[in-house]
Amino acid sequence: SGINAEYGEFQTIQHYFIRINLRIPCEGRKNFRAFMWAVTVLAVALLFRAGRSEICCCPDLQTSLSCQDQSSLGVKTVENRVNGYKCDALNGVNVTLECAALSTNHTAVKSVKYHYYKINSLDLKPLRLDDNAMRISGCDGPTCVLSSVQWSDASYSEAKLTNFDNFIYQCVAEYTLEDDSSFNISSNTMLLDVFKNVDMPKDQTITTTSKTGINTNDAYETLACEMPTTNPASRATWFFRQSESDAWTELDIFSQPRLALIEEDISSESSSSANFAVGTQVVMLYQPTENNGYYRCNATYTTDSVGTSTSYTVSQYQMTGNGLDDPGTPELKMLAAITSADYTLVGRAVNFTCFARDTNAETSGLYQWVFENATSQNFETVDLTHEDFKGVKLYNFNRTLELPSTYENYGITFRCQLERDGTKKMSDTFLQPVVVPNYLTPPLGDGICVNPGDPIQLTPNTQYMMSDKIAVTDPIQKLPGSTYKWYVHKVITSLFNSGGTTKENELKITSSTYESKYTENASDKCQYFSFFQTKDSDYQIVEIIKMARPSDGSCSDISEAVCTEAEVNVTDCDASNRELYVQLQEGSAQCLTVEFVYRTVGGQLVTREKTFEPVADKCSARNLTVSLSQSELPDSIKVTDIHQVKITPQGKAGCTKNSIEKICNSTKEPTDPPKPPTEAPEPATGDNTGVIVGVTVGVIVVVGAAGVAAYFY
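What this report covers is the structure whose coordinates are included nearby. Everything numeric in this text was worked out from a predicted model, so none of it was measured.

Turning next to the packing of aromatic side chains. In the structure shown here, the tally under the stated rule is 16 aromatic pairs. Look at F183 and Y528: their rings are 4.9 Å apart centre to centre, the planes differ by 70 degrees, and that puts the pair in the edge-to-face class. Of this pair, F183 sits in strand β12 (residues 182–186) while Y528 sits in strand β39 (residues 526–535), and the two are 345 residues apart along the sequence. With respect to burial, F183 and Y528 carry one shared label: buried. An angle of 55 degrees between the planes, with centres 4.9 Å apart, marks the rings of F240 and Y295 as tilted. Of this pair, F240 sits in strand β16 (residues 235–241) while Y295 is found in strand β21 (residues 293–301), placing the two residues 55 residues apart along the sequence. Here F240 falls in the buried class, since its relative accessible area comes to 15%. One Lys or Arg, R241, reaches over the ring of Y294 and ends 5.6 Å from the middle of that ring.

Have a look at this one:
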């Protein structure tokens, strides 16, 4: 009694990592044996789980970024917009970013860490590898709170990342798998658009400024309307009335051939003149009978999501004349341009408008539209009868070109052309607004399986990821104007070009090149390639393609015999908790997916997917039994309604087992599949002086006359 149980003959076991020495009185040995068997069983279960370090099925890894919609007193202050392309938020509110990582509960995933980055301007690389990006401190979880977001009126390239928040964001999920391999999976990018308005002036007094309407030097008159600095930009709204007794009526500039509005871009031909500024209305070739009267300009601030709409008067004018038309000499110059949207969606029309100086838009042939021929690089007239411009419209005295919602010739540049008395003037280039993708996180594919020594060939999901340079039949979305780059972990795959090819719709790498260039992680069984599509500083979309590369070369198709010989059992055909089991009769180290197929009440085919053990001590010796329980199916479906089972290895051809719908009507009674024991066997009786009374996988328990030594390994 009271002696430590240390036995020299057991010291040769060197690979244990825990040893417990216990001292117990002799009279307590009987009860203690029962206690130790319980501890042993528990330890076996825990150690068996912790020791399963070979990954049989590579998990789907994907990350997406968005912001949480927030409301305060019924007014939205933060809104996730345009399929996640941007997040609108009021200046000064808190914004919560959400980094959604796929498969965080997968058996093969040990842990996930999160990182957040922001940047002024995008490049063809993930933000975590971009020296111009800034990592956001204090954010390492699935959400990141940006406190009191602030807008800077400086350009993106000049605003300081440390002081402001209206930038482009991306999150990264750092996955660590059970075999200790790790992967950084980047999300889509998201623009945080911080909305900033100005307070409306209080007790404002507006002075009416008189304009004679006669300028002996120029054939135009300018009515200024100074716009406040806001985000989004405030717009000038002009009103008109003939006399003080009349009601104000909003001016439709587009219906007035001798009126122009500087709303966005001042032409390079006119930008040097101090008379022209955003908000200015220009009256050309003044005529007293049409243009005499009162003009008022309001600064109008509106948003189509969060925030409020405000409008207040900035300036007011009275135009008078002595009955003479403007004697100024007209000059043929471009004045300003307007595009209907900063961004657009596929299926939304886009308008381009140009205004010329000193002109009457009703003059025949004055306004024309041309486009740049991509082949000849010459500008040619837009022919509305040509198939390429089907649905395109010209209106507003030909000052406006409208591309219909069905227009798909992305990437074409347009210009407005003026022609008068043999003289031609060309506007600055009109670029199509960024076409926002419908899907910023494309769905994952099945992945590929490649044996060592075999070449690696990857293809992106062309229905979601192609630019306008690649012809795709019936695409779900195109990414016009975007450019691409392939990555694997931190390696740019262009480095593989000496042993393969990198294209927008394909990546090929020889096995030897992969191993020599990618030495850091080439031996990992699971690998994840990133296909980046980037559009200027507008967006970055990432498609993840997984690859299994088992060292034992187990990638192969499986034969129909595998499904023919597979055993299908139901535990209890009449019980509400019955389960359908599929058990393979031969081992396989591959990742195998089982699809259970049934029909709904309406006749629609539906599948439920399961995988055989994704992590095991040894994949080739793992348990190849998988089950589908009644609780996993709709109430109207029974497990006995499963009429087909498909077994498919990752990236390879599988097999199908049919005619199993009669399983519960067969004469053979269904049998339960084998299950692991839940109780330990009764220990041996007799002399227990220093004998091993229980041996299980991973544990040796030694009981001596005065104590116990438990060796866990």
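Going through the model one piece at a time under the given rule, you end up with 19 salt bridges. Among the salt bridges present, the one from K211 reaches E221, with a minimum N-O distance of 3.3 Å. Of the two residues, K211 sits in strand β14 (residues 208–211) while E221 sits in strand β15 (residues 220–223), which places them 10 residues apart along the sequence. Taking the relative accessible area as the measure of exposure, K211 reaches 19% and is therefore buried. A relative accessible area of 10% means that E221 is categorised as buried. Of the charged contacts in the structure, one is a salt bridge between E269 and K425, with a shortest N-O distance of 3.3 Å. Taken together, the residues span a long stretch of sequence, with E269 in the loop between β19 (265–266) and β20 (281–284) and K425 in strand β31 (residues 423–426) at a distance of 156 residues. Classification of K425 as partly exposed rests on a relative accessible area of 26%. Within this structure, R81, K86, D88 and D193 form a network of salt bridges that share partners.

So, how was this worked out
Residues numbered from 1 in each chain as written. Predicted model: local features only at pLDDT ≥ 70, side-chain atom pairs only at ≥ 80, totals over all residues. Heavy atoms only, no water. Phe/Tyr/Trp six-rings, centres within 6.5 Å; stacked < 30°, edge-to-face > 60°. Helix = DSSP H or I, 4+ residues; strand = E, 2+ residues; numbered from the N terminus. Buried < 20%, exposed > 50% of the residue type's maximum accessible area, 1.4 Å probe, protein only. Lys NZ or Arg CZ within 6 Å of the ring centre and 35° of its normal. Salt bridge = Lys/Arg side-chain N within 4 Å of Asp/Glu carboxyl O.

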